[in-house]
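Listed here are the chains, written in short residue letters.
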Amino acid sequence: MPNSLSRHPRLAALALVTPALAMVALFFLLPLLASVVGAFETPEGPGLANFSKAFALYSRDMLFTLAIIGGATLLTGLGAVAIAGYLTLGECPLAVAALRWLYRWPLFIPFIVVGQIARSFLAKNGLMNNALIGAGLLDPLSATGMLDWRGLILAFAWKQIPFVALLVAGAMASLDRGGIEAARNLGASRPRILWEILLPQVAPSLLTALILSFVTMMSVLSVPLMVASQSPTLLTVDIAFRINAYRDYGLANALGMISLAISATVAWFYLRHSLREKR
Amino acid sequence: MKKTLLSLLCLGLFASAAPAAELTVLTAGDQNMVDYVNDYLGPLFEKQNPGTKVRVVGTGPGDAGSQKILERFEAQAKASTAKWDTDVAVVHEKFAGPMVEAAYLASYRGKIASGKLVTRTNAQMALGTKVDGYVMPMFNSQTAIAYNPALIKTPPKSYDEIVAFAQKHPKQFGYNGIKGGASGVSFVMGWIYAYGEGSAEKLMNGPFEPAETQKWGKALKALKAFNANVTLTPGNAGTLDMLARGEIAMGPVWVDMFLSWQRNGQLPPSLKLVLPAPGMPGQPMHYVIPAKSANVALAEKFVALATSPEVQAEGIVKRFNWYPGIDAQHVQKALDKATWDKLFIDVPPADLARYGKPFPIAPYNNAILEAYEREVLN
């Protein structure tokens, strides 16, 4: 005898999806809602005071965050395309194998360690400058540290390039090699093949990977704390500072909302893009 | 068979509750705070009280660590939990006041022997809130200016001399602003003590008057100009890193961190400390006992041991380079001269007494930080 669930397939579907939905509602939507409500809570009752203060104190940091994460995303894209391109088009099997083995390492390194590496590598008398000075390529007096916006961009890109390269290289590997061979037979150089044949075909994967990277970097606190927590700095540092120094959850929530709005704009592109793909 | 299994299970249940008591200690601060209890204080207490087990949980460095402890208490109070999961907590000075005001803590100092050995005012008032009886200072830490004597023959004796130095040697003075740890915050508070047009005494002791917060404009403007001549470092450790690598010649540091790094070979032994006039703030870390601890008597015994002259001498001063929490003269008796001298070699006790200041009371503290964000960072 068929039971009631099999008689009502929609009910069965609902029952199946309920645990997952409840999970999302409980652990994602509820905290998000609490944070949104918290952003409008002020000692004088609900209002926009937190937002006006956030813009008054941290508008520079908001622009800085956009510029740094945007710059790091761009650099990540360039680095990842270069790596994935060489993995696909490289002609020296040994170099390709070495690169394939090496490039994924940063994937397994936590952001906080990346911050620490950047700090000892990019400092004025750090590993990089010392090596350059030792090799006679840099005058000791003109050495400068890069523990500022440059350090942030480099540290972020270093960490995110493997992730994007992994996805893009995968997409490139699944392409039909016929096109590449045809272009090569017609005398196209490798950079040209990469730019005109490979990239347009893997653009959707590249875009998706870059958007995911952007959103990940938006949420990192350890790297800016360790590399450049001075002014201007990233919004994550300001959020932590509002909570730790002032116990001011209202303004921290408001800053969280603003950073959410930045991420959401990028996520919107992602959604629009993936919807278009599905059609 | 079933019965045997059941009785075995029951036995197991009761057996696991058998050890006399487990004392849970939450501590804010760096890993060294956890190490201190795990490697030294915990085993000592367990030896003196057979059957007890000390369990320590670190909640993270800086104010954030104390904030987590406060929130844990808050959650248990709101849930009306009868017995809390914490027996002893070590918190920053800034959080002792709010905990006392919320009635989370037990008043216990009068009940333990070492309670009489503390007369310093920071065990009575914590940034403007009366905490007398509720706290025992674990140690006092102090900020000072670390400098490289190879580059600086005459160290700055005052904030004025620091300003003059920074002007003459751009980027050779470094500090970590206000978002990268408390040594930078301390330098800024000292700046306001020195150049604010209000009364520094009022900032330290209260009462809070909003009009007072309008008197820092000139000082902050000068600080913004000063910042153009200095290197901003990433964090407390960042300042020490840069000193060690010779990238800056001078900067504010925590004395205990400085001495520990020096002892571990992370800093050149030649670096020295100076405490400039009119002074820089320091702060104690406090032992507190939640009123609803499940083991109040044992917790009191633990804090009594931790603040006894012998433990303060061996653990706090000798092993961790902190200034003692209880009055120094009681600790001095239990220490050899060499260790004592090492702690006070650069900053003699007289300078410490004169220039070691408390942080401003909480509302001024927040107002100064926010004014810095508004005036100096924007």
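Residues numbered from 1 in each chain as written. Chains lettered and ligands numbered in written order. Predicted model: local features only at pLDDT ≥ 70, side-chain atom pairs only at ≥ 80, totals over all residues.

The next subject is the overall build of chain A. Looking only at helices and strands, one finds 12 helices and 0 strands in chain A. With the C-alpha coordinates aligned to their principal axes, the bounding extent of chain A is approximately 70 × 65 × 30 Å. Here chain A holds 279 residues, and 34% of them are scored as buried. Taking as baseline every contact in chain A between residues at least 6 positions apart, the subset at least 24 positions apart corresponds to 73%. (Helix = DSSP H or I, 4+ residues; strand = E, 2+ residues; numbered from the N terminus. Buried ≥ 20, exposed ≤ 12 C-beta atoms within 10 Å, placed from the backbone. Contact = placed C-beta atoms within 7 Å.)

This part takes up the overall build of chain B. Helices and strands together make up the secondary structure of chain B, namely 16 helices and 13 strands. In terms of C-alpha radius of gyration, chain B reaches 22 Å, essentially the compact-globule figure of 21 Å for 378 residues. Viewed in the frame of its principal axes, chain B has a C-alpha envelope of about 85 × 45 × 40 Å. Within chain B, the fraction of its 378 residues that count as buried is 51%. Restricting to contacts in chain B with at least 6 residues of sequence separation, those with at least 24 account for 77%. (Rg over C-alpha atoms; globule rule 2.2 N^0.38 Å.)

The partner chain B presents 19 residues to the 23 residues of chain A that form the contact. Contributing elements (two or more residues each) for the side of chain A that touches chain B: α3 (49-89), α10 (222-227) and α11 (235-246) of chain A. Partitioning the side of chain A that touches chain B into residue classes produces 12 nonpolar, 7 polar and 4 charged. (Nonpolar A, V, L, I, M, F, W, Y, C, P; charged D, E, K, R; others polar.)

Glancing now at the UniProt feature "transmembrane region" (unreviewed entry) in chain A. Residues and elements named next belong to chain A. In this structure's numbering, the residues bearing the UniProt feature "transmembrane region" (unreviewed entry) are residues 63-89, 101-122, 152-175, 206-229 and 249-271. Helix and strand shares over residues 63-89 are 100% and 0% respectively, and the end C-alpha atoms of the span are 38 Å apart. End C-alpha atoms of residues 101-122 are separated by 25 Å, and the span's content is 64% helix alongside 0% strand. (UniProt positions renumbered as here; feature names shortened; annotations may be inferred.)

All names here are of chain B. Under the domain assignment, chain B is made up of domain 1 (2-140 + 283-347) and domain 2 (141-282 + 355-376). The partner domain 2 presents 21 residues to the 15 residues of domain 1 that form the contact. Residue composition of the side of domain 1 that touches domain 2, grouped by class: 6 nonpolar, 7 polar and 2 charged. (Domains from an automatic or database assignment.)

Moving on to the pairing of strand β6 (residues 136-147) of chain B. Every other side chain in a regular strand lies on the same face of the sheet, so the side chains alternate between the two faces. Residues and elements named next belong to chain B. In terms of burial, β6 is a largely internal element, 12 of the 12 residues being buried. The pairing of β6 with strand β11 (residues 280-288) spans 6 bridges and is antiparallel. Bridge assignment links M136 to a residue of β11, and that residue is Y287. In terms of strand pairing, β6 meets strand β12 (residues 323-324) through 2 bridges, oriented antiparallel. Looking at β12, one finds that N140 is bridged to Y323. Bridge analysis of β6 against strand β9 (residues 250-254) gives 5 bridges, and the strand direction is antiparallel. Of the residues in β9, the one forming a bridge with Y147 is M250. (Pairing = 2+ DSSP bridges.)

Relative to the helices and strands, A131(A) resides in helix α6 (residues 127-134). Using a count of 12 C-beta atoms within 10 Å as the deciding quantity, one classes A131(A) as exposed.

Residues and elements named next belong to chain B. Pairing of strand β1 (residues 21-27) with strand β2 (residues 52-58), which is carried by 7 bridges, proceeds in the parallel orientation. Paired with T24 across the two strands is R55, which belongs to β2. This β-α-β element, β1 to helix α2 (residues 31-48) to β2, shows right-handed connectivity. Pairing of β1 with strand β3 (residues 88-92), which is carried by 3 bridges, proceeds in the parallel orientation. In the sheet register, V25 faces β3, and the bridge partner there is V88. (Right-handed = clockwise from strand over helix to strand, strands pointing away.)

On to the nonpolar core. Judged by nonpolar contacts, the single largest core of 116 residues is most densely connected at A144(B), I192(B), F258(B) and V288(B). Ranked by the residues each element gives to this core, the list is headed by helix α6 (residues 182-195) of chain B, at 10 residues. In this structure, this core is formed jointly by two domains, domain 1 (2-140 + 283-347) and domain 2 (141-282 + 355-376) of chain B, each of which donates at least three residues. Apart from the residues lying within four places of it in its own chain, the contact partners of A144(B) are V253(B), V255(B), L273(B), V274(B), L275(B), M280(B) and V347(B). Of all hydrophobic cores here, the second largest spans 64 residues; its members include L194(A), A209(A), I211(A) and V227(A). (Core = buried A, V, L, I, M, F, W, Y, C linked by C-beta atoms within 7 Å.)

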